Amino acid sequence: MTSELITVRGETDGASTSGTVSLNSDLFYGGVSFLRIPRGMTAKIWFKKVSGEGETLFTLQYTYDCTVASPTWKDVEQEKLSSKGELSIEKRRPVILRSLKGTEAFRVTWAQPTGSPAKAYIELGVEIE
Amino acid sequence: MDRVVDQLGLVIEGEYLTCFIPSTSRAFVFRVKSRVNRRYEELFYGPLPLSAGDTLPTYEGGSVSVPADGVIPARSYTEGLSFPMSGAYDEGDMWYLSEDYRDRVFHVLQYVTPGFLRVDVEIPVGVSQGRFQKDKIVTGVDKDFGFSRGFYEIVHLPRIHYGYRYGNDTNIDLYASVRFVYGEYIVEIPRSANLIFDILTRRIPSHWVTMPLNVMDPTVEMSLNTVYGITGFPVYRLDQRDAALKEYESLLRGVKI
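Residues numbered from 1 in each chain as written. Chains lettered and ligands numbered in written order. Predicted model: local features only at pLDDT ≥ 70, side-chain atom pairs only at ≥ 80, totals over all residues. Heavy atoms only, no water.

Focus: the overall build of chain A
Part 1: Within chain A, the secondary structure is distributed over zero helices and nine strands.
Part 2: Counting from the amino terminus, chain A carries its helices and strands in the arrangement β-β-β-β-β-β-β-β-β.
Part 3: Its C-alpha radius of gyration of 14 Å places chain A within 12% of the 14 Å reference for a compact globule of 129 residues.
Part 4: The principal-axis extents of the C-alpha atoms in chain A amount to approximately 45 × 35 × 25 Å.
Part 5: Long-range contacts, defined as pairs at least 24 residues apart, comprise 76% of the intrachain contacts of chain A with a sequence gap of at least 6.
Part 6: Roughly 6400 Å² of accessible area belongs to chain A as shown, and the carbon and sulfur atoms make up 46% of that amount. (Helix = DSSP H or I, 4+ residues; strand = E, 2+ residues; numbered from the N terminus. Rg over C-alpha atoms; globule rule 2.2 N^0.38 Å. Contact = heavy atoms within 4.5 Å. Areas by Shrake-Rupley, 256 points an atom, 1.4 Å probe, with all protein chains shown as cover.)

Take a look at the structure:
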């Protein structure tokens, strides 16, 4: 079994103050609203980079079953950009998300102050192994 | 540890390569006389041979269209794929050789990107080889087990078309590509029954590749007979030396290389 390290990128739409980030990468044909982890494998998030024009809270969420009509998402981690700028986090110990049934997935959502939508960006270093 | 392969995982010239066939408990023993692509073992093939518009089955039971060349759609798997190459002996299958090339085998290490894609192989193309509890369950990339991810080591024998299958169990349409590290070996089958027995009882070092042959298709058996004159040497126990040597000597009389 070989692993794959992928840089995944997403951004806010600049018009809404909350939403789900569409994630994309050089290996993805198109953006996706969540990443389903291959059965029996693990997603390790080694780094995060957040940047933007204003206050933004990015939340990493995980679900045990992305195949149902309304998955239940639970928060795993949050990164808050308090104002215009950039935040870069390298993980010596990664966030680990496991796939036990093949239906597990993760996604990133954003939230911004009411009435202050702004463009913000997130990059994740995701290793699938 | 005896060193019969180099840092690439390919057999060093003069060493032995053993292709074990689980379905028959037989094996081919080759001595690698030379590696004709020495120093040029890497072949970046590029995107998987999938064309926009191709239809693939899905894990949910339906089918899906390939959105662009080289893209494996989310939740889909391929049927047996061959790798086309212009100018090759068979332009639709770059690893295929006829029996006229019986002194050659390709030892192929396949690296798939992304590395989490499922991989298995059909031998011959169209005949899946994954089995659980004899024939009770057929396994493979379309099932929950019976595949590897991102890597496959195999030996391509002449006169057999192999079909590679890839599975994408994520929800993402993925650009997929393949890199091969391969050796085009000129081989011979050792003419000493003693030597073959010692290799098959692991007293002489050899690089063993267990072929994914859990079902011996009649066409494969016929191809092996046509190419080599035999379907392999039975693997005996250490205490069966006399019986083994007798059979090996008989088989060696019919060997074509």
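Details of the nonpolar core
Part 1: Phe106 of chain A together with Leu17, Phe30, Leu157, Tyr166, Tyr228 and Phe233 of chain B are the most contacted members of the largest nonpolar core, which totals 103 residues.
Part 2: In contact with Leu157 of chain B, not counting residues within four places along its chain, are Phe30, Val105, Tyr162, Met211, Leu224 and Tyr228 of chain B. (Core = buried A, V, L, I, M, F, W, Y, C linked by side-chain atoms within 4.5 Å. Buried < 20%, exposed > 50% of the residue type's maximum accessible area, 1.4 Å probe, protein only.)

Section: the interface of chain A and chain B
Interfaces are often sized by the accessible area lost when the parts come together.
Part 1: Contact with chain A, which involves 17 residues of that partner, is made by 22 residues of chain B.
Part 2: As a salt-bridge pair, Arg39 of chain A and Asp144 of chain B come within 3.9 Å of each other at their nearest N and O atoms.
Part 3: Run the count over chain A and chain B and you get nine residue pairs in polar contact (both at pLDDT 80 or more).
Part 4: Contributions of two or more residues to the side of chain A that touches chain B are made by strand S1 (4-11) and strand S3 (35-36) of chain A. (Salt bridge = Lys/Arg side-chain N within 4 Å of Asp/Glu carboxyl O. Polar contact = N/O pair within 3.5 Å; in protein donor to acceptor, adjacent residues only side chain to side chain.)

What about the sheet that holds S1 of chain A?
All names here are of chain A.
Part 1: Read from one edge to the other, the open sheet built from four strands follows the order S1-S9-S4-S7, with strand pairing classed as antiparallel. Only two strands of the sheet have a single neighbouring strand rather than two, namely S1 and strand S7 (85-98). Here the average twist between neighbouring strands, direction ignored, is 15°.
Part 2: The pairing of strand S4 (residues 42-52) with strand S9 (residues 120-128) spans nine bridges and is antiparallel. Its bridge partner lying in S9, Phe47 is registered against Gly125. (Pairing = 2+ DSSP bridges. Axes fitted to C-alpha atoms, helices over the stretch in contact; angles between N-to-C directions.)

Quick word on the environment of Glu123 of chain A
Residue and element names in this part refer to chain A.
Part 1: Tracing the sequence through the fold places Glu123 in strand S9.
Part 2: Expressed as a C-alpha distance, the spacing of Glu123 and Lys48, which sit 75 residues apart in the sequence, is 5.6 Å.
Part 3: Aside from chain neighbours lying at most four places away, what touches Glu123 is Thr7, Val8, Arg9, Phe47, Lys48 and Lys49.

Considering the side chain of His207 of chain B
Residues and elements named next belong to chain B.
Part 1: Within the element layout of this structure, His207 appears in strand S17 (residues 207-210).
Part 2: Given a relative accessible area of 16%, His207 falls into the buried group.
Part 3: Among residues more than four places away in sequence, those in contact with His207 are Val4, Val5, Gly9, Val11, Tyr16, Leu17, Thr18, His107 and Glu153.

Quick look at the packing of helix H1 (residues 193-200) of chain B against helix H3 (residues 241-252) of chain B
All names here are of chain B.
Part 1: The contact between H1 and H3 brings their axes to 9 Å, and the two run at 120°. Judged by the inter-axis angle, H1 sits oblique to H3. For H1 against H3, the interelement crossing comes out right-handed. Each of Ala193, Asn194, Ile196, Phe197, Asp198 and Leu200 in H1 lies in contact with H3, whose residues at this interface are Arg241, Ala244, Leu245, Tyr248, Glu249 and Leu252.
Part 2: Partitioned by chemical class, the residues of the contact of H1 with H3 number eight nonpolar, one polar and three charged. (Parallel < 35°, antiparallel > 145°, perpendicular 65-115°, else oblique. Left-handed = near helix turned anticlockwise from the far one by under 90°. Nonpolar A, V, L, I, M, F, W, Y, C, P; charged D, E, K, R; others polar.)

So, the packing of aromatic side chains
Residues and elements named next belong to chain B.
Part 1: Inspection of every chain in the model, using the stated rule, returns 23 aromatic pairs over all chains.
Part 2: With a centroid separation of 4.9 Å and 70° between ring planes, the pair formed by Trp95 and Phe106 is classed as edge-to-face. Of this pair, Trp95 sits in the loop between strand S7 (76-77) and strand S8 (104-113) while Phe106 sits in strand S8, and the two are 11 residues apart along the sequence.
Part 3: Centroid distance Phe233 to Tyr248: 5.5 Å. Interplanar angle 80°. Geometry classified as edge-to-face. (Phe/Tyr/Trp six-rings, centres within 6.5 Å; stacked < 30°, edge-to-face > 60°.)

What to know about H1 of chain B
Residue and element names in this part refer to chain B.
Part 1: The buried fraction of H1 is high, at seven of eight residues.
Part 2: Turning to H1, its buried residues are Ala193, Leu195, Ile196, Phe197, Asp198, Ile199 and Leu200.
Part 3: On the buried face of H1, the contacting elements are strand S1 (16-21), strand S2 (26-35), S17, strand S18 (233-234) and H3.

Some remarks on the pairing of strand S5 (residues 56-63) of chain A
Residue and element names in this part refer to chain A.
Part 1: Burial analysis of S5 places seven of its eight residues in the buried class, which makes it a mostly covered element.
Part 2: Inspection of the sheet shows S5 paired to strand S6 (residues 74-81) by seven bridges, in the antiparallel sense. What sits directly across from Leu60, in S6, is Glu77.
Part 3: Note that S5 and strand S8 (residues 105-111) share seven bridges and pair antiparallel. Paired with Thr59 across the strands is Thr109, a residue of S8.

Treat this as a map of the structure, not an account of what it does.
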